[in-house]
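# Observations on the three-dimensional arrangement
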Amino acid sequence: MTALLEVEDLRVAYGKIEAVKGISFSVEAGQIVTLIGTNGAGKTTTLRTLSGLLKPLSGKVTFDGRPLGGTPAHKIVAMGLAHSPEGRHIFPRLTISDNLRLGAYLRDDKDGIEKDIQRAYDLFPILGERRKQAAGTLSGGEQQMLAMGRALMSKPKLLMLDEPSMGLSPIMMQKIMETISELKSQGTTILLVEQNAQAALSLADHGHVMEIGKVVLSGTGQDLLHDESVRKAYLGED
Ligand code: ATP
């Protein structure tokens, strides 16, 4: 079986600074795959490159059987690859429902869009309750829900989530992680970037540990969760 996403020897630089130094990994349909690692390891750069926002130096990315090289960002969304970015980037003055609608800007199936907005409200009831309010009035965790809901509005085959747990209370983080599991059980494939290694590895089918632009260790989520070097470096154990 070919993978939904195949990344081969990807290199990305900002000027002379090489942030991603030749990484390879794949994501099979139906899986949750996580990239973990400390600040500056190159995780965000990897996601931004996959969504067409940054141009790689070299390497090959294949999504759903098609090479992505040089494909503009909006075409990548149309192919089924959605990105919920770090820091959320919701539109604070627009209502929650308008923020969701923006996630469907490439679609013209009105009925389908309304159905999927309802699906976002089912997934995150607070968004439905406050649908007419400005998105800027939501808490950080609720804004994360909105960013995820908005990314889902493009009906992605693969949803990329950058640091969904950042800045959230433990309870809110747990809710977000449960929703990620639920999305997987509904058939969405997920590439999850997290600094919270424990939470990410507990959910993931596969994980890759990144350090200064390279993948230094790969395995199943459970293997990595129990790996001694991972426990010492990322799970705060002696
Ligand atoms: P974080 O969790 O902090 O976002 P990360 O693993 O996602 O970390 P990146 O944000 O991808 O890491 O950063 C990788 C490297 O690239 C870092 O050394 C960072 O300083 C550098 N970098 C990121 N964005 C830029 C930029 N716009 N210009 C120059 N260097 C950058």
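Source: prediction; values computed, not measured.

### Concerning the sheet that holds strand β5 (residues 66-67)
- Across the sheet, which stays open at both edges, the four strands sit in the order β2-β1-β4-β5 with antiparallel pairing between neighbours. Each edge of the sheet is formed by a strand with only one pairing partner; in this case those strands are β2 (17-27) and β5.
- Here strand β1 (residues 5-14) pairs with strand β4 (residues 58-63) via five bridges, running antiparallel. By the bridge assignment, leucine 5 is partnered in β4 with phenylalanine 63.
- Where helix α1 (residues 43-50) meets the sheet, its contacts fall on β1, β2 and β4, and the angle it forms with β1 comes to roughly 110°.

### Some words on the site of the ligand
- Neighbouring the ligand are 13 residues; Asn39, Gly40, Lys43, Thr44 and Thr45 lie closest to it.
- In the environment of the ligand, an oxygen atom lies 3.0 Å from a nitrogen or oxygen atom belonging to the backbone of alanine 41.
- A distance of 2.4 Å separates an oxygen atom of the ligand from a polar atom in the side chain of threonine 45.
- A total of 620 Å² of accessible area belongs to the ligand in isolation, and the protein chains cover 62% of it.
- It is α1 that provides the largest number of residues to the shell around the ligand, a total of three residues.
- Split by residue class, the shell around the ligand holds three nonpolar, seven polar and three charged.

### A few points about the environment of glutamate 86
- Along the polypeptide, glutamate 86 turns up in the loop between β6 (81-84) and α3 (96-102).
- Separated by 121 residues in sequence, glutamate 86 and glycine 207 have C-alpha atoms that sit 19 Å apart.
- In terms of polar contacts, glutamate 86 uses its side chain to reach the side chain of threonine 44, at 3.0 Å.

### Details of α1
- Burial analysis of α1 places six of its eight residues in the buried class, which makes it a mostly covered element.
- Listed in full, the buried residues belonging to α1 are Lys43, Thr45, Thr46, Leu47, Thr49 and Leu50.
- Just beyond α1, the residue with positive phi is glycine 52, at close to 85°.

### With respect to the sheet that holds strand β10 (residues 214-220)
- The six strands lie next to each other as β6-β7-β8-β3-β9-β10, forming an open sheet whose pairing is mixed. At either margin of the open sheet sits one strand with a lone partner, and together these are β6 and β10. Each neighbouring strand pair of the sheet contributes to a mean axis angle of 15°, computed without reference to strand direction.
- The sheet contact formed by β6 and strand β7 (residues 158-162) spans four bridges and is parallel. In the sheet register, histidine 83 faces β7, and the bridge partner there is methionine 160.
- Across the sheet, helix α6 (residues 140-152) touches β6 and β7, and the angle it forms with β6 is around 165°.

### Some words on helix α7 (residues 170-185)
- In this model, α7 (16 residues) spans 23 Å end to end at C-alpha, consistent with the 22 Å of a helix rising 1.5 Å per residue.
- For α7, the set of buried residues is Met172, Met173, Ile176, Met177, Thr179, Ile180 and Leu183. Angularly, the buried residues of α7 cover 155° about the axis, an arc narrow enough to put them on a single face. For α7, the exposed residues lying more than 90 degrees away from the buried face are Pro170, Ile171 and Ser185.
- Buried residues along α7 sit against β3 (32-36), α4 (110-123), α6, β7, β8 (189-194) and α8 (197-203).
- Remark: glycine 187 follows α7 within two positions and exhibits a positive phi of approximately 105°.

### Overview of the side chain of serine 51
- Tracing the chain through its elements places serine 51 in the loop between α1 and β4.
- When near neighbours in sequence (up to four residues on either side) are disregarded, serine 51 contacts Ala73, Ile76, His83 and Met160.

### A short note on the pairing of β2
- Here β1 pairs with β2 via eight bridges, running antiparallel. Paired with arginine 11 across the two strands is lysine 21, which belongs to β2.

Reading guide: rules and limits
- Residues numbered from 1 in each chain as written.
- Predicted model: local features only at pLDDT ≥ 70, side-chain atom pairs only at ≥ 80, totals over all residues.
- Heavy atoms only, no water.
- Pairing = 2+ DSSP bridges.
- Helix = DSSP H or I, 4+ residues; strand = E, 2+ residues; numbered from the N terminus.
- Contact = heavy atoms within 4.5 Å.
- Axes fitted to C-alpha atoms, helices over the stretch in contact; angles between N-to-C directions.
- Near = heavy atom within 4 Å.
- Polar contact = N/O pair within 3.5 Å; in protein donor to acceptor, adjacent residues only side chain to side chain.
- Areas by Shrake-Rupley, 256 points an atom, 1.4 Å probe, with all protein chains shown as cover.
- Nonpolar A, V, L, I, M, F, W, Y, C, P; charged D, E, K, R; others polar.
- Buried < 20%, exposed > 50% of the residue type's maximum accessible area, 1.4 Å probe, protein only.
- Expected span 1.5 Å × (residues − 1).
- Arc of directions from axis to C-beta.

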